[in-house]
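# Analysis of the macromolecular model
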Amino acid sequence: MPAPIRLRELIRTIRTARTQAEEREMIQKECAAIRSSFREEDNTYRCRNVAKLLYMHMLGYPAHFGQLECLKLIASQKFTDKRIGYLGAMLLLDERQDVHLLMTNCIKNDLNHSTQYVQGLSLCTLGCMGSSEMCRDLAGEVEKLLKTSNSYLRKKAALCAVHVIRKVPELMEMFLPATKNLLSEKNHGVLHTSVVLLTEMCERSPDMLSHFRKLVPQLVRILKNLIMSGYSPEHDVSGISDPFLQVRILRLLRILGKGDDDSSEAMNDILAQVATNTETSKNVGNAILYETVLTIMDIKSESGLRVLAINILGRFLLNNDKNIRYVALTSLLKTVQTDHNAVQRHRSTIVDCLKDLDVSIKRRAMELSFALVNGNNIRGMMKELLYFLDSCDPDFKADCASGIFLAAEKYAPSKRWHIDTIMRVLTTAGSYVRDDSVPNLIQLITNSVEMHAYTVQRLYKALLDDISQQPLVQVASWCIGEYGDLLVSGQCEEEEPIQVSEDEVLDVLEGLLVSNLSTPVTRAYSLTAIMKLSTRFSSVNRIKKVVSIYGSSIDVELQQRAVEYNALFKKYDHMRPALLERMPIMEKTASNGPTDIVQTNGETDSTILDTKHLPNITQPASQANDLLDLLGGNDVVPVIQTTVPTKPASAGGELLDLLGDLSLTGGPTPTPAPSVPMSQPSFLLDGLTSQPLFNDIAAVIPPMTAYNKNGLKIEFTFERSNPNPNIAVITIHATNSSEADMTEFVFQAAVPKTFQLQLLSPSSNVVPALNQGSVTQVIRVLNPQKQQLRMRIKLTYTHKGSPVQDLAEVNNFPPQSWQ
Amino acid sequence: MMRFLLLFSRQGKLRLQKWFTALSDRDKKKIIRDVTQMVLVRPPKSCNFLQWRDLKIVYRRYASLYFCCGLEQGDNELLTLELLHRYVELLDQYFGNVCELDIIFNFEKAYFILDEFIIGGEVQETSKASVAKSMEEADSLQETMEEYVNKPTY
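The name given to chain B in an unreviewed UniProt entry is AP complex subunit sigma, with the source organism recorded as Carassius auratus. We quote the UniProt Subunit (unreviewed entry) comment for chain B here in full: "Adaptor protein complex 1 (AP-1) is a heterotetramer composed of two large adaptins (gamma-type subunit AP1G1 and beta-type subunit AP1B1), a medium adaptin (mu-type subunit AP1M1 or AP1M2) and a small adaptin (sigma-type subunit AP1S1 or AP1S2 or AP1S3)."

By the naming in an unreviewed UniProt entry, chain A is AP-1 complex subunit gamma, taken from Carassius auratus. Annotation of chain A in UniProt includes, under Sequence similarities (unreviewed entry), the sentence "Belongs to the adaptor complexes large subunit family."

Rendered as structure tokens:
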């Protein structure tokens with residue numbers, strides 16, 4: 001077998017390949033030769049072959065068959081072999097291969113080798129790719145080498161220890177004794193690696209941290225020497241002595257000084273010295289200043305020092321070097337929470353960075369700008385941010401739009417400004433806004449009641465211009481559906497009202513339905529909007545026609561909606577006005593990020609609702625009527641009970657429940673239809689649950705027993721509704737002490753006319769026997785006139801096979817519940 | 001700590017790869033692909049830092065080679081630029097006016113020099129002279145062909 005070709009030969013040959021295929025062919029040929037050479041167990045050329053294999057591996061070709069050969073090389077006595085063998089181990093072997101454990105013994109031997117360069121090789125390999133098992137086995141050897149006086153080995157051992165600690169944190173204790181006099185070394189290599197080791201230990205263990213705090217004076221001294229000492233050629237970088245070591249010491253000081261007054265005080269002087277004396281003309285000086293600033297901001301530094309740090313960052317912002325500006329923006333972002341006012345002073349510079357050409361800088365500037373927005377600067381900042389939104393790259397637009405929405409929500413100076421801002425975002429970056437912004441905006445628009453006419457007019461005008469931006473189109477069609485009557489009647493006060501006819505509005509909405517630009521979701525919005533206009537406009541026939549056409553649409557969602565709307569026209573025309581009424585005000589529980597929108601049923605602001613006139617509704621088997629009869633008289637108002645848990649997911653039931661309350665008289669019973677068409681996105685119903693919906697203050701009102709007969713006991717517990725003190729939330733707990741379950745349990749209640757009452761769904765309709773469980777149900781009572789609360793309750797259930805019915809009056813409400 | 005160090009040409013050909021964490025081959029290839037693509041599209045005068053996943057990527061172009069590394073959040077980017085520069089200086093000192101071809105044909109030496117400068121993602125020696133001296137002495141330990149053949153392997 002001829003001698004395998006040399007490494008350089010191979011590289012030269014492969015580089016002459018003109019195509020990928022040619023290269024592959026050469027490599028395959030050489031791999032085959034190498035494989036047969038390995039099989040022959042040739043000691044002389046193993047090293048050369050493995051080196052060639054490593055080259056081919058770098059080009060991206062598989063080289064796993066060389067793994068065992070690397071191990072053989074490591075075991076060899078020859079230094080050349082070991083060098084390549086360890087390199088191969090670091091490149092080809094990793095802890096995923098079981099084979100790597102075979103290395104352990106070799107490394108152990110080499111750690112004790114007579115030649116320091118062999119020891120160095122094994123330390124390096126262990127420190128780069130040692131697995132947890134290997135680290136456990138060899139930690140003792142590393143610890144021994146950490147105490148050697150040979151600085152070449154000591155520095156490598158220190159970094160090897162760092163790796164061991166990262167892989168097996170429990171072994172940290174073991175290295176503690178060896179760290180005793182690490183910092184008294186003169187050798188910079190050892191000093192540097194020791195500081196890294198100490199940093200790693202302090203980051204991982206609070207005990208170590210407190211133990212090493214005593215080193216602060218020593219570290220300060222070392223740093224001082226570095227700064228004050230004259231030129232030392234060995235470690236000099238552009239006139240600064242060993243910047244790597246300086247930065248590492250500053251980083252360790254940061255960790256040691258954090259949260260500790262004494263340590264922070266001990267380092268105040270040196271930090272001030274570094275901050276003022278470091279040369280800033282070159283990158284290396286700025287690197288040290290950067291680290292110093294980070295340290296000052298993290299420890300308990302005195303205010304003068306903090307101001308100095310922020311000013312340094314301010315100067316960085318004006319630096320010509322892009323990297324330094326970037327780093328300044330990043331640091332300011334970290335400090336904006338704690339030193340808000342100081343950062344605000346640099347606001348104009350930061351806003352200028354929005355116009356920078358560099359992508360990284362623009363992103364940081366945008367994030368920082370959002371952090372700096374507050375009530376005082378909102379108008380100015382928003383102008384800049386909107387301008388940025390216009391001109392920035394598409395990757396930024398989504399984040400920028402969300403940020404603008406959040407900022408506008410928190411600090412909007414007026415409702416009109418808020419709506420204008422939103423419109424601006426929708427028109428400039430409409431296709432990039434996040435999905436949840438559409439429901440958020442709708443909720444916002446609903447709540448700004450006085451702006452409805454203005455909003456719908458502006459949205460209509462925007463639609464006339466451009467229907468390609470889906471979120472804008474969705475919000476606009478929702479508004480037109482809701483407030484179309486205001487649009488047509490030209491009621492806008494804020495702006496010059498436009499003249500638009502019903503037909504024109506319907507033209508626009510129908511245009512959305514047929515346009516290729518509209519997504520299915522948008523189409524659904526516009527169909528529902530058209531439907532809603534049937535109660536607001538007079539041209540009902542046209543609407544009927546549109547709706548019936550879409551009854552045969554290919555899009556299943558549209559088809560279902562159209563069919564149901566059709567049914568609404570035909571069979572349930574009496575319900576149509578009630579169903580398509582104005583949406584009530586929605587309350588938000590949180591203003592950050594996605595909101596959980598809670599339905600309050602318009603109880604809080606009942607004056608704002610347009611209650612439409614309800615036509616007479618026939619009520620097949622309405623239990624509400626029974627209650628009326630029973631309670632005999634006009635002074636009591638029946639309440640719609642919510643659907644029993646057998647149909648908890650019935651959207652229709654819950655919607656009608658809301659309407660029942662709005663009407664204040666007997667409303668329609670829950671229809672058996674599986675889903676009455678929802679004209680709103682599902683978020684409305686997401687908020688509606690059968691549990692109490694608000695975080696209440698602790699119940700100060702004592703509970704009471706409302707009813708106790710035949711084994712059935714009903715207790716009332718009270719809570720105050722947080723947003724509205726006029727609402728009392730009563731939770732009933734029904735327990736059954738008899739021997740048989742009470743099934744089909746239904747609880748009904750009625751209150752005097754001056755009150756309003758809402759019953760939510762009960763937890764179940766079976767009250768288990770022998771007090772094994774309870775049925776709970778929530779009642780909300782609105783008591784605006786603060787009259788004494790009285791209630792009549794009716795209970796029906798089946799007990800031991802026979803139905804039971806009972807009525808009772810509840811008069812013993814504690815005074816706190818209605819005062 | 002540094003997570004990885006990559007050297008690649010302007011055409012995207014990898015010249016050196018050093019990984020300081022355990023990753024599968026597939027992951028490594030993906031990272032190389034992603035980072036190389038990201039860095040190669042940057043315009044010439046742009047900032048040398050970018051954010052990628054949870055890492056800071058620092059890169060610098062020296063002639064036809066890109067030196068690129070991935071850092072953790074706590075690391076100092078400006079100092080890393082100095083680090084990359086120091087590595088280039090070490091290569092330059094060793095090879096004498098180093099160019100890409102030197103690194104192609106002597107990649108194993110480039111690795112050896114790197115291993116004398118950085119271990120486990122952290123700098124081990126801040127003195128240029130010290131690294132050069134170590135390389136020299138280690139090289140002298142490498143056997144000549146004659147010695148190599150005559151010395152028993154085990």
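## Some remarks on the layout of surface pockets
A water-sized probe, rolled over the atoms, reveals where empty space remains. A volume near 700 Å³ is recorded for the largest pocket. Counting residues per element, the ones that place at least two in the lining of the largest pocket are helix H2 (20-39), helix H3 (46-58) and helix H5 (79-92) of chain A together with strand E2 (14-19) and helix H1 (25-40) of chain B. When residues in the lining of the largest pocket are grouped by element, the largest group, 6 residues, is from H1(B). Its residues assigned to classes, the lining of the largest pocket comprises 11 nonpolar, 10 polar and 9 charged.

## Brief notes about the packing of aromatic side chains
Under the definition given, this model contains 15 aromatic pairs over all chains. Ring centres of A:Phe388 and A:Phe396 lie 6.0 Å apart, and the angle between their planes is 70°; on these two criteria the pair is classed as edge-to-face. Comparing A:Phe388 with A:Phe396, the two get one shared label, buried. A centroid spacing of 5.4 Å and a plane angle of 80° characterise the contact between B:Tyr62 and B:Phe67, whose relative ring orientation is edge-to-face. A connected cluster of aromatic rings, assembled from ring pairs, spans A:Phe716, A:Phe718 and A:Phe813. Looking at A:Arg83, its charged tip hangs above the ring of B:Phe112, at a distance of 4.2 Å from the centre. Note that A:Lys532 overlies the ring of A:Trp478, its terminal NZ or CZ placed 4.8 Å from the centroid.

## Observations concerning the side chain of A:Glu23
Relative to the helices and strands, A:Glu23 resides in helix H2. Residues within four places of A:Glu23 in sequence aside, it is in contact with A:Ile14, A:Ala17, A:Leu59, A:Tyr61 and B:Lys13.

## Details of the packing of helix H2 (residues 77-95) of chain B against helix H4 (residues 107-117) of chain B
What describes two packed helices is the angle between their axes and the distance between those same axes. Residue and element names in this part refer to chain B. It is at 10 Å that the axes of H2 and H4 come closest, and there the two elements cross at 130°. Taken together, the axes of H2 and H4 lie oblique to each other. Crossing of H2 against H4: the hand is right-handed. Two secondary-structure elements touch here, H2 through Leu 83, Arg 86, Tyr 87, Leu 90, Leu 91, Tyr 94 and Phe 95 and H4 through Lys 109, Ala 110, Ile 113, Leu 114 and Phe 117. Looking at side-chain class alone, the contact of H2 with H4 contains 10 nonpolar, no polar and 2 charged residues.

What counts and what doesn't
Residues numbered from 1 in each chain as written. Chains lettered and ligands numbered in written order. Predicted model: local features only at pLDDT ≥ 70, side-chain atom pairs only at ≥ 80, totals over all residues. Heavy atoms only, no water. UniProt positions renumbered as here; feature names shortened; annotations may be inferred. 1 Å grid on protein atoms, 1.4 Å probe; cavity = no way out; pocket = protein on both sides within 12 Å on 5 of 7 lines; lining within 4 Å. Points joined across faces, edges and corners; volume = space filled by probe spheres on them. Helix = DSSP H or I, 4+ residues; strand = E, 2+ residues; numbered from the N terminus. Nonpolar A, V, L, I, M, F, W, Y, C, P; charged D, E, K, R; others polar. Phe/Tyr/Trp six-rings, centres within 6.5 Å; stacked < 30°, edge-to-face > 60°. Buried < 20%, exposed > 50% of the residue type's maximum accessible area, 1.4 Å probe, protein only. Lys NZ or Arg CZ within 6 Å of the ring centre and 35° of its normal. Contact = heavy atoms within 4.5 Å. Axes fitted to C-alpha atoms, helices over the stretch in contact; angles between N-to-C directions. Parallel < 35°, antiparallel > 145°, perpendicular 65-115°, else oblique. Left-handed = near helix turned anticlockwise from the far one by under 90°.

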